[in-house]
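What follows is each chain in one-letter form.
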Amino acid sequence: MIRLLFPIWSGRQRLANLLRYCSKNSLLDQGVQVHAASLRMGFGFDLMLSNDLIEMYSKCGVMDTASLVFDRMTERNVVSWTALMCGHLQNGNARATLSLFFQMVFSCLKPNEYTFSTNFKACGILNVPEIGMKIHGMCVLTGFETVPVVGNSIVDMYSKCGRINEAVMMFNVLPVKNLISWNTMLAGYTLAGQGEKALLWFHRMLENGEIPDEYTLTTVLKACSRLGKIREGSMIHGFLITSGFPCSGKAAIAGSLIDLYVKCGNLAEARRVFNQIGEKNVISWSALILGYAQEGNLAEAIELFKQLQNNCKQVDGFVLSSMMGVFADFALVEQGKQMHAYAVKVPSGSEISVSNSIVDMYLKCGLLDEAERLFNEMPARNVVSWTVMITGYGKHGIGKEAIRLFNQMQSNNIEPDGVTYLATLSACSHSGLIKEGEEYFSQLCRNRWVKPGIEHYACMVDLLGRDGRLKEAKDLIENMPLKPNVGIWQTLLSACRVHGNLQLGKEVGQNLLTLDGENPVNYVMISNIYAEAGYWKEYEQVREMAKAKGLRKEAGRSWVEIDKVVHFFYGGDDTHPMIDKVHQVLKEMERRMKEEMGYVHGVKFALRDIDEESKVESLRVHSEKLAIGLALCHGGWDEARVIRVFKNLRICGDCHDFIKCLSKIVKVVFVVRDANRFHQFKDGLCSCRDYW
């Protein structure tokens, strides 16, 4: 009998080995053939092979089939459950992982260390510390808390959920602290925005005799980058050189060094590090390309991208998405279209992340129809795809379409995340959909997996503030379970300005200066509310306070693309070679608007205590008007066409009225994207319905 069974069981082991090989190399077609062979040989209900099948299908991204194998098993063990949990996690469905975990617990099967660590990762991804704490409690009761892989996973979970104090407490009680433990804490502090503590932790780690690895060094460089601490970052760079660490051969470290110097504004040093790298990978290329783009040197960024195409066999999806992001931020539609054409030709261009970036680019360039077409043609969509479109609809003031898409997304069994809720609430706010916004916020508060963050409360404050319900907005801030930040008070102050509530504005302004007295935006907002109320003495006092601290606000800048060339303007700019012609065209338009429509300048938006004539002159040279004037110089205004102008700050009320009137007397449609949203001006009306 033993001789008869031996060939069968050796065949069983060969099948297991083949499945594991297919799993390791993501060979789905071959794995399906092995599955068929196992059924023919009578192993359809074999526990070990079923577990291997679950892992193989999971690694190949076919979770429906992995789940089907699991459901048909007559016997399951902890490996079966854990394999399916890992599969869901690897394929981006952390909720399914946790759901399976609790099903397993209720079936009275005991988890092992890999089950626990997998589900702690899921909790970290979903940011559900409450569930993580429950699972932590199970670990304590079963003794798994002391197992290194579980202990490190607990530290990681608390870090990723923003519970850094709990992470430290867990780290301190770990019986065995290895390099992974230290790296997890270092990453936790960096992720939490506590870069200073991350650097202290790094020094403590070295004092404890731990030898940093590549992950350690990239994390600490990231902490320096976020803090803007070029001195500390340079010291680590020096340490790497003197210790003989092969920076140029370690792509992640080289990329982190380039990112550090880029973020700290030292592009020359970033370029020097880049030039020293022997085998440059896409991380290094993309870090430098984005650095030049963020500095406004688009020509050099595009030139580097062309070099990347020539030097690399294949540009990956990250670089394509990053470049799309650059063109989207600067609204460079022609370059964006060229990049789209290039993406279609390369394998990485079919990745969902790239498709999402292309849709986002068209939305940010104001080409809503093109974005809709691409979104509808996507063969697969994830939560980011839907969120990008919802955000786009919100920015274009089409709140009802955003809501329709949000509901459709849920009907398609795509669960919204925190960013999706934020996009939907923002769309409601921009479109004045008060009732709908309150309904979705209530839905969010009831959601088991997603909890409202400070940004969601800020959206509700904006929603209520726009509707004039300032007291309700203030009460919401004071009673929410989170500590108010600068952004949420700025949102309320903006509403106070719109509705002319100086008394509440003073109170909110004081809160802002207490929280962040070094932010020039706060002083500008407070001084503006005084200016609009005619309190010029108080206005000057606030401005002097900012001046004494050496604070300067970001300058307003607008740009327009003409014949594939981008032209930038600042307020009062007189450096453009065609500036005289621009002023001439604008004055001609202003004359016609006055004669045909009775247009008058909104001098209340000239926030300076000067005479009326000077106020008018200051309004005439706002950057968005100069950009429009240049566009009108090229192509005239008696021809039906679209002019797209972009601004880094919020459009002012006078410019908004000016462009509305202008669109009435010319055949041109003006699309203006400011820091908050899109405005489409046509026939004397704006798509925002004067609600922005």
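Residue numbering note: each chain is counted from 1, following its sequence as written. Whole-chain, interface and lining totals are the exception, using all residues; otherwise, since this is a predicted model, local features are given only for residues with pLDDT of at least 70 and side-chain atom pairs are given and counted only at 80 or more. Note that the side-chain values use all heavy atoms of the structure and ignore hydrogens as well as water.

Remarks on unusual backbone geometry
For residues other than glycine, phi is negative in most cases, and the peptide bonds are mostly trans. Notably, Ser26 is not glycine yet its phi reads approximately 50°, a positive angle. Following the sequence through the fold, Ser26 ends up in the loop between helix H1 (2–24) and helix H2 (28–40). In this structure, Cys108 takes a positive phi of about 65° despite not being glycine. Helix and strand definitions follow DSSP, with helices as H or I runs of at least four residues and strands as E runs of at least two, each counted in order from the N terminus. Structurally, the position occupied by Cys108 is in the loop between helix H6 (94–106) and helix H7 (113–126). Working definition: with a 1.4 Å probe on protein chains only, accessible area under 20% of the residue-type maximum means buried, over 50% means exposed, and in between means partly exposed. Among the residues examined, Cys108 registers a relative accessible area of 68% and is labelled exposed.

Description of the layout of surface pockets
Approximately 850 Å³ is the volume attributed to the second largest pocket. Around the second largest pocket, the lining comprises 23 residues; the ones closest to its centre are Gly92, Asn93, Ala94, Arg95 and Glu415. Contributions of two or more residues to the lining of the second largest pocket are made by helix H5 (78–90), H6, H7 and helix H25 (418–431). In terms of residue class, the lining of the second largest pocket is built from 10 nonpolar, 9 polar and 4 charged. In this analysis a 1.4 Å probe is tested at points of a 1 Å grid over the protein atoms alone, and where it fits but cannot get out there is a cavity; an open set with protein on both sides within 12 Å along at least five of seven lines is a pocket; lining residues have an atom within 4 Å of a point. Grid points are joined across faces, edges and corners, and a volume is the space filled by probe spheres set on the points. Under this grouping Gly is polar, as are all residues other than the nonpolar Ala, Val, Leu, Ile, Met, Phe, Trp, Tyr, Cys and Pro and the charged Asp, Glu, Lys and Arg.

Here's the deal with the environment of Lys24
Mapped onto the fold, Lys24 is located in helix H1. Residues Lys24 and Gly209, spaced 185 residues apart in sequence, show a C-alpha to C-alpha distance of 35 Å.

Here's the deal with the confidence of the model for the chain
In the predicted model, the chain carries a mean pLDDT of 88, and the fraction of residues at 70 or more is 95%. How sure the predictor is of each residue is captured by pLDDT, a score from 0 to 100. Contacts: residue pairs with any heavy atoms within 4.5 Å of one another. When the criterion is pLDDT under 50, residues 1–8 qualifies, and its contacts beyond four places in sequence or with other chains add up to 1 contact. Scored below 50 in pLDDT, residues 603–612 makes 24 contacts in the model with residues more than four places away or belonging to other chains.

What about the packing of H5 against H6?
Where helices are involved, their axes are fitted lines through C-alpha atoms of the stretch in contact, as for all axes, and angles between N-to-C directions lie from 0 to 180°. For the pair H5 and H6, interaxial distance at closest approach is 7 Å and the crossing angle is 165°. Put simply, H5 runs roughly antiparallel to H6. Crossing of H5 over H6 shows left-handed handedness. Along its contact with H5, which presents Val78, Trp81, Leu84, Met85, His88 and Leu89, the element H6 presents Ala94, Ala96, Thr97, Leu100, Phe101, Gln103 and Met104. Looking at the contact of H5 with H6 residue by residue, the class counts come to 10 nonpolar, 3 polar and no charged. Every angle not falling under 35 degrees, over 145, or within 65 to 115 is termed oblique; those three ranges are roughly parallel, roughly antiparallel and roughly perpendicular. What makes a crossing left-handed is the near helix being turned counterclockwise from the far one by less than a right angle; a clockwise turn instead makes it right-handed.

Topic: helix H31 (residues 520–532)
The end-to-end C-alpha distance of H31, which contains 13 residues, comes to 19 Å, matching closely the 18 Å that a straight helix rising 1.5 Å per residue would cover. Along H31, the residues classified as buried are Pro520, Asn522, Tyr523, Val524, Met525, Ile526, Ser527, Asn528, Ile529, Tyr530 and Ala531. Polar contact is the term for a pair of N or O atoms within 3.5 Å; when the atoms are in protein, one must be able to donate a hydrogen and the other to accept it, and sequence-neighboring residues count only if both atoms are side-chain atoms. Sitting at the head of H31, Asn519 places a side-chain oxygen 3.0 Å from the backbone nitrogen of Val521. Directly after H31, the chain includes Gly534, whose backbone phi takes a positive value near 85°. One less than the number of residues in a helix, times 1.5 Å, gives the span that helix is expected to have.

Overview of the packing of helix H16 (residues 267–276) against helix H17 (residues 282–294)
Here H16 crosses H17 at 160°, and the two axes come no closer than 11 Å. Here H17 runs roughly antiparallel to H16, going by the angle between their axes. The interaxial crossing formed by H16 with H17 has left-handed handedness. Of the residues in H17, those touching H16 at Leu267, Ala270, Arg271 and Phe274 are Ser284, Trp285, Leu288, Gly291 and Tyr292. Its residues assigned to classes, the contact of H16 with H17 shows 6 nonpolar, 2 polar and 1 charged.

Topic: the UniProt feature "repeat: PPR" (unreviewed entry) in the chain
UniProt positions are given in the numbering used here, feature names are shortened, and annotations may be inferred rather than shown by experiment. As annotated by UniProt and renumbered to match this structure, "repeat: PPR" (unreviewed entry) occupies residues 77–111, 178–212, 281–311, 351–381 and 382–416. Segment residues 178–212 splits into 74% helix and 0% strand. End C-alpha atoms: 11 Å apart.

Here's the deal with the state of the cysteines
Whenever a pair of cysteine sulfur atoms sits within 2.5 Å, that pair is classed as a disulfide. Tallied over the full model, the rule gives 0 disulfides. The cysteine Cys365 is free of any disulfide, with Cys686 supplying the nearest cysteine sulfur at 18 Å.

Let's talk about helix H19 (residues 317–329)
Between its first and last C-alpha atoms H19 spans 18 Å; for 13 residues at 1.5 Å apiece the expected length is 18 Å, and the two agree. With 10 of 13 residues buried, H19 lies mostly within the body of the structure. Looking at the buried side of H19, the elements it contacts are H17, helix H18 (298–311), helix H20 (333–345), helix H21 (352–364) and strand E4 (669–673). Positive phi shows up at Ala331, right after H19, with a value of about 55°.

Considerations on the pattern of salt bridges
Just to be clear on terms, a salt bridge is a Lys or Arg side-chain nitrogen sitting within 4 Å of an Asp or Glu carboxyl oxygen. Tallied over the entire structure, the rule returns 32 salt bridges. Between Arg163 and Glu166 there is a salt bridge, and its shortest N-O distance comes to 3.8 Å. Take Glu166: its relative accessible area is 27%, and that puts it in the partly exposed class. One continuous salt-bridge network, built from bridges that share partners, spans Glu438, Asp467, Arg469 and Glu472.

Quick look at the side chain of Glu210
Along the chain, the position of Glu210 falls in the loop between helix H12 (195–207) and helix H13 (214–227). Charged residues are defined here as Lys and Arg on the positive side and Asp and Glu on the negative side; His and the ends of the chain fall outside this count. No salt bridge forms around the buried Glu210; measuring N to O, its nearest opposite-charge neighbour Lys177 is 9.6 Å away. Residues within four places of Glu210 in sequence aside, it is in contact with Lys177, Asn178, Leu179, Trp182 and Met205.

What about the sheet that holds E4?
For two strands to be treated as a pair, DSSP must find at least two bridges joining them. Taking strand neighbours across the sheet as the criterion, the 6 strands line up as E2-E1-E3-E4-E5-E6 in an open arrangement whose pairing is mixed. This sheet does not close on itself; its edge strands, each paired only once, are strand E2 (565–570) and strand E6 (685–686). Relative to E4, strand E3 (residues 642–647) runs parallel, the two being bridged by 5 bridges. What sits directly across from Phe646, in E4, is Arg673.

Structural notes on the pairing of strand E1 (residues 557–562)
In terms of burial, E1 is largely enclosed, as 5 of its 6 residues are buried. Here E1 runs beside E2; their pairing, made up of 6 bridges, is antiparallel. Residue pairing across strands places Val560 opposite His567, the latter belonging to E2. Here E1 folds back onto E2 in antiparallel fashion, the turn holding 2 residues, of which Asp563 has a positive phi close to 50°. Sheet analysis places E1 next to E3, joined by 3 bridges and oriented antiparallel. Its bridge partner lying in E3, Val560 is registered against Val645.

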